[in-house]
Amino acid sequence: MNEIFIRTDKGEYVGGETIFGIVYVHIPQPVESKGLKLKVKGYEKCEWEYSYVEQEGDNWVKHTGDKKDKKEFFRVDIKLIDYPGGFPVGHFSYPFQYTLPRGLPSVFSCVSDGRMKWSATVKYKVKAEVDIPGTKNDLKVTQPLIVREEVKQQNKESQNYTGQGTVRTCCCIPRGDVIVKARLDKAVYQAGQQAEITVDVVNQSSVDIEHFAVKLMRVVKLKGSDPHRDDGRKDTHCVLDTICENKYDGCKSGSQTLKNIPLQLWTKEGERQFELQPGTNGSIVKVHLFAV
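Since the model is a prediction, treat every value here as computed from it, not as a measurement.

Draft legend 1. Geometry of the sheet that holds strand 3 (residues 18-27). Taken together, 3 strands build an open sheet; the order of strands is 1-3-6 and the sheet is antiparallel. Each edge of the sheet is formed by a strand with only one pairing partner; in this case those strands are strand 1 (3-8) and strand 6 (90-99). Between one strand and the next, the sheet's axes are offset by a mean angle of 20°, whatever the strand orientation.

If you want it as structure tokens, here you go:
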């Protein structure tokens with residue numbers, strides 16, 4: 001059986017780096033093909049469902065539609081080799097290289113399961129194909145490429161965050177202030193790592209705080225349009241959800257509590273553990289993570 005494989009030199013890349021790879025082709029049976037071609041592609045796309053009302057006669061009727069968009073970062077077609085007389089029988093390897101454009105956003109993929117559906121994808125891939133004229137059964141293989149966003153030096157330093165609020169009880173009577181200071185151990189993490197957040201709570205109120213919660217939040221911003229209604233005008237759809245949340249013992253009135261809290265950067269479904277996807281900064285798909 002004829003076979004084709006792709007191997008690249010690394011598992012992850014950053015924009016501006018060069019991909020070095022090899023296409024392996026095993027041809028034990030003659031193939032009516034004149035060569036081997038390679039395609040490298042990166043793109044983002046998004047789609048979400050929305051509702052609107054329109055007047056139909058004397059009635060206002062509710063409808064649902066889809067807003068979407070797609071943008072390519074790059075698309076390159078490379079002819080690795082030509083065989084004018086047909087692809088020869090045997091084992092072959094064809095090296096290739098391609099330098100990724102700078103400033104590429106990180107890979108991302110998510111499909112919602114909520115009431116109003118949405119999906120977002122940032123994807124990169126390399127495809128090798130032995131083109132066989134006159135048939136759809138080309139000998140081909142596609143390999144996804146993992147691209148991470150380049151982290152600028154000024155974004156690597158962690159920052160302190162301070163918040164202050166007044167505790168109020170019945171009839172909004174003020175009972176004093178609570179001051180919360182928080183600091184992550186670093187500003188940039190890799191998927192699967194565990195972050196640690198230092199929380200300093202000063203309870204200057206006359207009320208005991210039973211517990212406080214630490215949440216990891218995600219904001220997804222999508223841009224798109226409904227080609228049947230919007231005349232190309234793009235709207236923005238924003239989704240805010242909680243990735244994980246943990247509660248901890250609070251702070252007595254007039255006291256101070258200092259805690260180092262682990263913050264998991266993975267999610268768990270049953271017995272399976274999944275690495276948390278990083279944020280991304282595309283043109284129509286933007287994802288931002290933060291802790292509160």
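Draft legend 2. Region of interest: the nonpolar core. With 43 residues, the main nonpolar core has Val23, Val25, Phe87 and Val285 as its most contacted residues. Elements represented by at least two residues in this core include exactly strand 1, strand 3, strand 4 (35-56), strand 6, strand 7 (108-111), strand 8 (118-130), strand 14 (209-224) and strand 20 (285-291). Ignoring anything within four residues of it in the chain, the contact list for Val23 reads Ile4, Phe5, Ile6, Leu36, Leu38, Leu80, Phe92, Ser93, Tyr94, Phe96 and Ala128. Listed in part, the 16 residues of the second largest apolar core include Ala182, Ala195, Phe212 and Val214.

Draft legend 3. Summary view of the pairing of strand 3. Here strand 3 shows a clear split, with Ile19, Gly21, Val23, Val25 and Ile27 buried on one side and none of Thr18, Phe20, Ile22, Tyr24 and His26 buried on the other. Bridge count for strand 1 against strand 3 is 6 bridges, and the pairing is antiparallel. Within strand 3, the residue paired with Phe5 across the bridge is Tyr24. By the bridge criterion, 10 bridges tie strand 3 to strand 6 in an arrangement that is antiparallel.

Draft legend 4. Fine view of the pattern of salt bridges. Following the criterion strictly, the structure yields 12 salt bridges and no others. Close ionic contact of Asp235 with Lys67 constitutes a salt bridge, the shortest N to O distance being 2.2 Å. Highlighted residues: Asp235 in strand 15 (residues 235-251) and Lys67 in strand 5 (residues 59-82), separated in sequence by 168 residues. Here Asp241 ties to Arg218 by a salt bridge, and the two come within 2.9 Å at their closest N and O atoms. You can see Asp241 sitting in strand 15 and its partner Arg218 sitting in strand 14, a full 23 residues away along the chain. Taking relative accessible area as the criterion, Asp241 reaches 22% and is therefore assigned partly exposed. The network of salt bridges with shared partners includes Lys41, Glu72 and Arg75.

Draft legend 5. Region of the structure containing the side chain of Arg148. Inspection of the secondary structure puts Arg148 in strand 10 (residues 146-148). Filtering out sequence-adjacent residues up to four positions away, Arg148 remains in contact with Glu12, Tyr13, Val14, Gly15, Ser106, Val107 and Pro278.

Draft legend 6. Just the sheet that holds strand 14, in detail. Here we have 4 strands laid out as an open sheet, ordered 15-14-20-19, and antiparallel in their pairing. Where the open sheet ends on each side, the last strands, each with one partner, are strand 15 and strand 19 (280-281). Where strand 14 meets strand 15, 15 bridges bridge the pair, whose relative direction is antiparallel. Paired with Leu216 across the bridge in strand 15 is Cys244.

Draft legend 7. Broad picture of the environment of Gly16. Relative to the helices and strands, Gly16 is located in the loop between strand 2 (12-14) and strand 3. Taking the C-alpha atoms as reference, Gly16 lies 8.4 Å from Leu104; in sequence the two are 88 residues apart. Setting aside anything within four residues of it in sequence, one finds Gly16 in contact with Thr99, Leu100, Pro101 and Arg102.

Thresholds, definitions, all that
- Residues numbered from 1 in each chain as written.
- Predicted model: local features only at pLDDT ≥ 70, side-chain atom pairs only at ≥ 80, totals over all residues.
- Heavy atoms only, no water.
- Pairing = 2+ DSSP bridges.
- Helix = DSSP H or I, 4+ residues; strand = E, 2+ residues; numbered from the N terminus.
- Axes fitted to C-alpha atoms, helices over the stretch in contact; angles between N-to-C directions.
- Core = buried A, V, L, I, M, F, W, Y, C linked by side-chain atoms within 4.5 Å.
- Buried < 20%, exposed > 50% of the residue type's maximum accessible area, 1.4 Å probe, protein only.
- Contact = heavy atoms within 4.5 Å.
- Salt bridge = Lys/Arg side-chain N within 4 Å of Asp/Glu carboxyl O.

So far we have only geometry, and geometry alone does not tell us how the molecule works.
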